[in-house]
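# Understanding the architecture of this molecule
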Amino acid sequence: MKVRIMHFPDFEYNVYWILLLRLFLHPIMKFFASFPWLGKIFFEKSQYCKFIREKAMSYVALEKIYSYSWRQYNANILDRIITYTWLNIFNGFSTRNRLKIVKKLLRDALLLSQKDEINVLSLGAGSARSILEVVSQLRREGFSKKIKIKLIDSSRDALNFSRKLAEELKLETGDIEWHRGLIDTVDIFCKNGFKPDIIEMVGLLDYFNHQEALKLFQSIRENLAQKGILITGNVNKNPEEKFIREIIEWNMIYRRPNQLEDLLLTSGFNEVKMFSDKIMTHIVAEGKV
Ligand SMILES: C[S@@+](CC[C@H](N)C(=O)[O-])C[C@H]1O[C@@H](n2cnc3c(N)ncnc32)[C@H](O)[C@@H]1O
């Protein structure tokens, strides 16, 4: 098992002063995590973080993390510093790097596909930002192959948000379907000639235990087209785990890269590759049938 560390020009790298600051701040985080009541008083000074906490696990929280900017967030200085610390020095920047890695893998998968018509399925699509932005960019570059997209989410709000995003990106919405549903019924969405060449399921595995994840991956593998690709990911074990669980109350199942790889291999994927940034808080995996 080897995690490939990616380098993109637009990556938010932890420059050395931030790495040093993390070393200094991690014990403080651990201290707060041991006294959650105290940690919460401090953390809730940030209205931005408080909002994310209230919406934990949803597309709304993720969109807040994707769109955070020090300059655009107007608040008192303590609020801004706490927000910046969490979203730029800790977990937040890794989440944005994860989005960039997913977009790169999706782009490559679409460009390298031998098919004239490519089917893409997103499970727990949320805003579907990764897919919609990649397809929009490819269209601007003149990529003309037909791409049929099915976006599945249990939240009506998420699907509505995604619809608006597709319109903003000026995508041919006739080629996109939004379905409200649960992902444990993958088969339902892979009928009537729609055999996915690419399945994206990012930001969701973190909530499934081992048995549930295995069942889901097996079902995904069975439904993928020949030479199909699954792009998924999981949060890695990391020093921020206790803070996220105790203070932000965002409960996830943390998996080491080898555990993620095992899950994919046990479910029948042949070729598994893993990607991350230098900090490796989020691992993105690609499994081929
Ligand atoms: C954290 S978001 C991930 C969004 C997107 N994949 C991304 O990476 O930007 C998780 C999404 O999964 C949806 N979700 C959670 N459980 C689900 C389930 N069992 N079936 C379908 N969707 C689910 C939520 O509504 C939410 O929009």
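Residues numbered from 1 in each chain as written. Predicted model: local features only at pLDDT ≥ 70, side-chain atom pairs only at ≥ 80, totals over all residues.

## Describing the domain arrangement of the protein chain
Accessible area lost during the coming together of the parts is what is often quoted as the interface size. Threshold: Domain segmentation is taken from an automatic or database assignment of domains. The helix count covers DSSP runs of H or I at least four residues long, the strand count covers runs of E at least two residues long, and both are numbered beginning at the N terminus.
When cut into domains, the protein chain gives domain 1 (13-93) and domain 2 (94-288). On a C-alpha basis, the centroid separation for the pair domain 1 and domain 2 is 25 Å. Where the side of domain 1 that touches domain 2 is concerned, the elements lending two or more residues are α1 (16-34), α2 (36-43), α4 (59-66) and α6 (91-112).

## Some points on the site of the ligand
Inclusion rule: By definition, a residue lies near a molecule or strand when the C-beta atom built from its backbone is within 6 Å of it. Ten residue types, Ala, Val, Leu, Ile, Met, Phe, Trp, Tyr, Cys and Pro, are classed as nonpolar, four, Asp, Glu, Lys and Arg, as charged, and the remainder, Gly among them, as polar.
Near the ligand there are 19 residues, and of these Gly 124, Gly 126, Ser 154, Ser 155 and Gly 203 occur at the shortest range. Elements supplying a minimum of two residues to the shell around the ligand: α4 and β3 (146-153). Tallied by class, the residues present in the shell around the ligand amount to ten nonpolar, seven polar and two charged. Residue contributions to the shell around the ligand reach at least three from each of two domains, namely domain 1 (13-93) and domain 2 (94-288).

## As for the sheet that holds strand β8 (residues 282-288)
This is how it is decided: A pair of strands is labelled paired if DSSP reports no fewer than 2 bridges between them. Angles here are taken between N-to-C directions and fall from 0 to 180 degrees, while the axes themselves are lines fitted to C-alpha atoms, restricted in helices to the stretch in contact. A pair of residues counts as a contact when their C-beta atoms, built from backbone coordinates, are within 7 Å of each other.
The sheet built from eight strands is open, its strands ordered β1-β7-β8-β6-β5-β2-β3-β4 with mixed pairing. Strand pairing shows two members of the sheet lacking a second neighbour, β1 (3-5) and β4 (176-180), which therefore form its edges. Neighbour to neighbour, the strand axes of the sheet diverge by 20° on average, direction disregarded. The strands touched by α6 within the sheet are β2 (117-123), β3, β5 (198-201), β6 (229-235), β7 (271-276) and β8, with β8 carrying the most contacts at an inclination of about 20°.

## Examining the packing of helix α10 (residues 210-223) against helix α12 (residues 257-266)
The cut-off we apply is this: In what follows, roughly perpendicular refers to angles from 65 to 115 degrees, roughly parallel to angles under 35, roughly antiparallel to angles over 145, and oblique to any angle outside these ranges. When the near helix sits turned anticlockwise from the far one by under a right angle, the crossing is termed left-handed; a clockwise turn instead gives a right-handed crossing.
As a packed pair, α10 and α12 sit with axes 9 Å apart at the nearest point and diverge in direction by 45°. Looking at the two axes, α10 sits oblique to α12. Read as a crossing pair, α10 and α12 show a hand that is right-handed. Taken together, the residues of α12 that come into contact with α10 (itself represented by Ala 213, Leu 214 and Phe 217) are Leu 263, Leu 264 and Thr 266. Looking at the contact of α10 with α12 residue by residue, the class counts come to five nonpolar, one polar and no charged.

## Comments concerning the nonpolar core
Condition: The term nonpolar core means buried Ala, Val, Leu, Ile, Met, Phe, Trp, Tyr and Cys residues held together as one set by C-beta atoms within 7 Å. The burial criterion counts other C-beta atoms lying within 10 Å of a residue's C-beta, which is placed from the backbone; the residue is buried at 20 or more, exposed at 12 or fewer, and partly exposed between these limits.
If you look at the biggest cluster of nonpolar residues, it comprises 70 residues, and the most contacted ones within it are Leu 106, Leu 123, Ile 131, Ile 199, Ile 231 and Val 284. At six residues, α6 tops the list of elements feeding residues into this core. Composition of this core by domain shows at least three residues from each of domain 1 (13-93) and domain 2 (94-288). If sequence neighbours within four positions are ignored, Leu 123 has contacts with Ile 152, Ile 183, Val 186, Ile 199, Met 201 and Leu 204.

## Some remarks on the pairing of β6
The cut-off we apply is this: Orienting the strands away from the viewer, one traces the path from the first strand over the helix to the second; a clockwise path indicates a right-handed crossover.
Of all seven residues that make up β6, seven are buried, and the element is covered over most of its length. What joins β5 to β6 is α10, and the crossover it makes is right-handed.

## A short note on unusual backbone geometry
The backbone of Met 57 shows a phi angle near 80°, a positive value even though the residue is not glycine. By the element assignment, Met 57 lies in the loop between α3 (47-54) and α4. At Lys 227, a residue that is not glycine, the phi angle is positive and equals roughly 65°. Summarising the element assignment, Lys 227 is placed in the loop between α10 and β6.

## Describing the environment of Asp 153
Topologically, Asp 153 is positioned in strand β3. Sequence separation of Asp 153 and Leu 216 is 63 residues, and the distance between their C-alpha atoms is 15 Å. In this structure, Asp 153 is in contact with Gly 124, Ala 125, Gly 126, Ala 158, Leu 159 and Arg 180, ignoring residues within four places of it in sequence.

## Quick word on the packing of α6 against helix α7 (residues 129-140)
The axes of two packed helices give the description: the angle between them and the distance between them. One way to put it is that α6 packs onto α7 with a least axis distance of 9 Å and a crossing angle of 50°. Classed by the angle they form, the pair α6 and α7 counts as oblique. Crossing handedness for the pair α6 and α7: right-handed. Side by side, α6 and α7 meet where Leu 99, Val 102, Lys 103, Leu 106, Arg 107 and Leu 110 of the first sit next to Arg 129, Ser 130, Ile 131, Glu 133, Val 134 and Leu 138 of the second. A class-by-class count of the residues in the contact of α6 with α7 yields seven nonpolar, one polar and four charged.

## Considering the environment of Lys 2
With respect to the helices and strands, Lys 2 occurs in the segment before β1. Separated by 271 residues in the primary sequence, Lys 2 and Lys 273 place their C-alpha atoms 7.7 Å from one another.

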